[in-house]
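In case you want the letters, here they are:
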Amino acid sequence: MEKQRIAVLASGSGSNAEEILRHFEGSALAEVVWVGCNRPEAQAGVYGRTRALGLETTPIQADQLKDGTVLKMLRLARADWVVLAGFLLRIPVEMVRDFQGSMINIHPSLLPLFGGKGMYGMHVHRAVKAAGAEESGMTIHWVTEEYDEGDVIFQASCAVKPDDEPEQIAQKVAQLEHRYFARTIDALIRDAVAQTSLQHE
Ligand code: GRF
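Every value quoted in this text rests on a predicted model; they were computed, and no experiment measured them.

Procedures and definitions
Residues numbered from 1 in each chain as written. Predicted model: local features only at pLDDT ≥ 70, side-chain atom pairs only at ≥ 80, totals over all residues. Heavy atoms only, no water. Helix = DSSP H or I, 4+ residues; strand = E, 2+ residues; numbered from the N terminus. Rg over C-alpha atoms; globule rule 2.2 N^0.38 Å. Buried < 20%, exposed > 50% of the residue type's maximum accessible area, 1.4 Å probe, protein only. Contact = heavy atoms within 4.5 Å. Areas by Shrake-Rupley, 256 points an atom, 1.4 Å probe, with all protein chains shown as cover. Lys, Arg positive; Asp, Glu negative; His and termini not counted. Charge placed at Lys NZ, Arg CZ, Asp CG, Glu CD. Core = buried A, V, L, I, M, F, W, Y, C linked by side-chain atoms within 4.5 Å. Pairing = 2+ DSSP bridges. Axes fitted to C-alpha atoms, helices over the stretch in contact; angles between N-to-C directions. Arc of directions from axis to C-beta. Salt bridge = Lys/Arg side-chain N within 4 Å of Asp/Glu carboxyl O. Near = heavy atom within 4 Å. Polar contact = N/O pair within 3.5 Å; in protein donor to acceptor, adjacent residues only side chain to side chain. 1 Å grid on protein atoms, 1.4 Å probe; cavity = no way out; pocket = protein on both sides within 12 Å on 5 of 7 lines; lining within 4 Å. Sits in = over half its atoms within 2 Å of the grid points. Nonpolar A, V, L, I, M, F, W, Y, C, P; charged D, E, K, R; others polar.

(A) View of the overall build of the chain. A tally of helices and strands in the chain yields seven helices and seven strands. In sequence order, the chain lays out its α and β elements as β-α-β-α-β-α-α-β-α-β-α-β-β-α. A globule of 201 residues ought to have a C-alpha radius of gyration of about 17 Å, and the chain, at 17 Å, matches this closely. Taking the principal axes of its C-alpha atoms as reference, the chain extends roughly 50 × 40 × 35 Å. Put simply, the chain has 201 residues, and 47% of those count as buried. In the chain, once contacts between residues fewer than 6 apart in sequence are set aside, the share between residues at least 24 apart is 67%. Per element, the accessible surface of the chain, about 10500 Å² overall, is 50% carbon and sulfur. For the chain, the distance from the average position of its 20 positive side-chain charges to the average position of its 27 negative side-chain charges is 4 Å.

(B) Region of the structure containing the environment of Pro166. Inspection of the secondary structure assignment puts Pro166 in helix 7 (residues 166–199). Distance in space between the C-alpha atoms of Pro166 and Asn38 is 25 Å, their sequence separation being 128 residues. Excluding anything up to four places from it in sequence, Pro166 contacts Met122, His125, Arg126 and Lys129.

(C) Spotlight on the nonpolar core. Counting residues in each nonpolar core, the largest one holds 39 residues, and the members touching the most others are Ile6, Ile20, Phe181 and Ile185. It is helix 7 that contributes the most residues to this core, nine residues altogether. Contacts of Ile6, omitting those with residues within four sequence positions, involve Phe24, Ala30, Glu31, Val32, Val33, Trp34, Trp81, Val83, Ile185 and Ile189. Within the second largest apolar cluster, 21 residues are counted, among which are Leu65, Val70, Phe99 and Val143.

(D) Region of the structure containing the sheet that holds strand 2 (residues 30–37). Spatially, the seven strands line up as an open sheet ordered 3-2-1-4-5-6-7, and their pairing is mixed. Of all strands in the sheet, those with a lone pairing partner are strand 3 (58–59) and strand 7 (152–159), marking the two edges. Seen against the sheet, helix 1 (residues 15–24) touches strand 1 (4–10), strand 2, strand 4 (81–84) and strand 5 (103–107) and runs at an angle of roughly 160° to strand 2.

(E) Seen up close, helix 4 (residues 69–76). Looking only at helix 4, the buried set comprises Val70, Leu71, Met73 and Leu74. All buried residues of helix 4 project into a common sector of 155° when viewed along the axis, lining one side. Those residues of helix 4 that are exposed and angled more than 90 degrees off the buried face are Lys72 and Leu76. Where helix 4 is buried, its residues contact strand 1, strand 2, strand 3, helix 3 (62–66), strand 4 and helix 5 (93–98).

(F) Main features of the pattern of salt bridges. A full pass over the atoms with the stated rule returns nine salt bridges. Residue Arg75 is joined to Asp98 by a salt bridge in which the shortest nitrogen-to-oxygen separation is 3.0 Å. Placement of the pair is Arg75 in helix 4 and Asp98 in helix 5, with a sequence separation of 23 residues. The structure contains a network of salt bridges with shared partners spanning Glu18, Arg22 and Arg49.

(G) Just the site of the ligand, in detail. The environment of the ligand is formed by Ser13, Gly14, Ser15, Asn16, Gly86, Ile106, His107, Pro108 and Glu177. Interatomic distance of 3.4 Å between a backbone N/O atom of Ile106 and a nitrogen atom of the ligand. One nitrogen or oxygen atom from the side chain of Glu177 is found 2.4 Å from an oxygen atom belonging to the ligand. Protein chains shield 82% of the accessible area of the ligand, which is 370 Å² for the free molecule. When atom positions are compared with the pocket grids, the ligand is found to occupy the largest pocket. Counting residues per element, the ones that place at least two in the shell around the ligand are helix 1 and strand 5. Residues belonging to the shell around the ligand are distributed by class as follows: two nonpolar, six polar and one charged.

Right under this line is the structure:
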């Protein structure tokens, strides 16, 4: 069977993108074939991280996302899966529809808590701290036309101590993301491939 092809979209540091690339290095199931970033290299660590692993990140513009150019890039890369790994721009409806059931996102809280508009990066962890929450975590979910509202695929939680600062919460959540994101993607792809081969039996 041909390997499943994964495209990753990131906006910043790219630590999750790196974990995903590393996970699928040498995998017989899937490979990361394309990584795109909407920020220039000077502002986004993801370029250096993927380059070190032999893959150049493609810079993209917000306009190219809106006008369908990014969708064309994904088709050209023959992506089967799209993974949003810290990607901050809204995905246009056409692209969501094209990758229905094969586009997933990671969010640094236990959705539906601390999700929605303006809830990204440190804003999330500051809100968790301000609410006095005793736990936080991460959510991997399907991407649908409504932001952060697709069905949950996987969640993992961590304790938040009263004296944890937002930076410490962020660190705990990032650890969970690095531990579980790639594994979850792997399991999803494995399931989908098994389903397809069953249908063809
Ligand atoms: C992660 O916390 C992710 O949940 C959020 O943005 C952060 C991205 O970090 N959406 P990185 O760019 O993967 O290091």
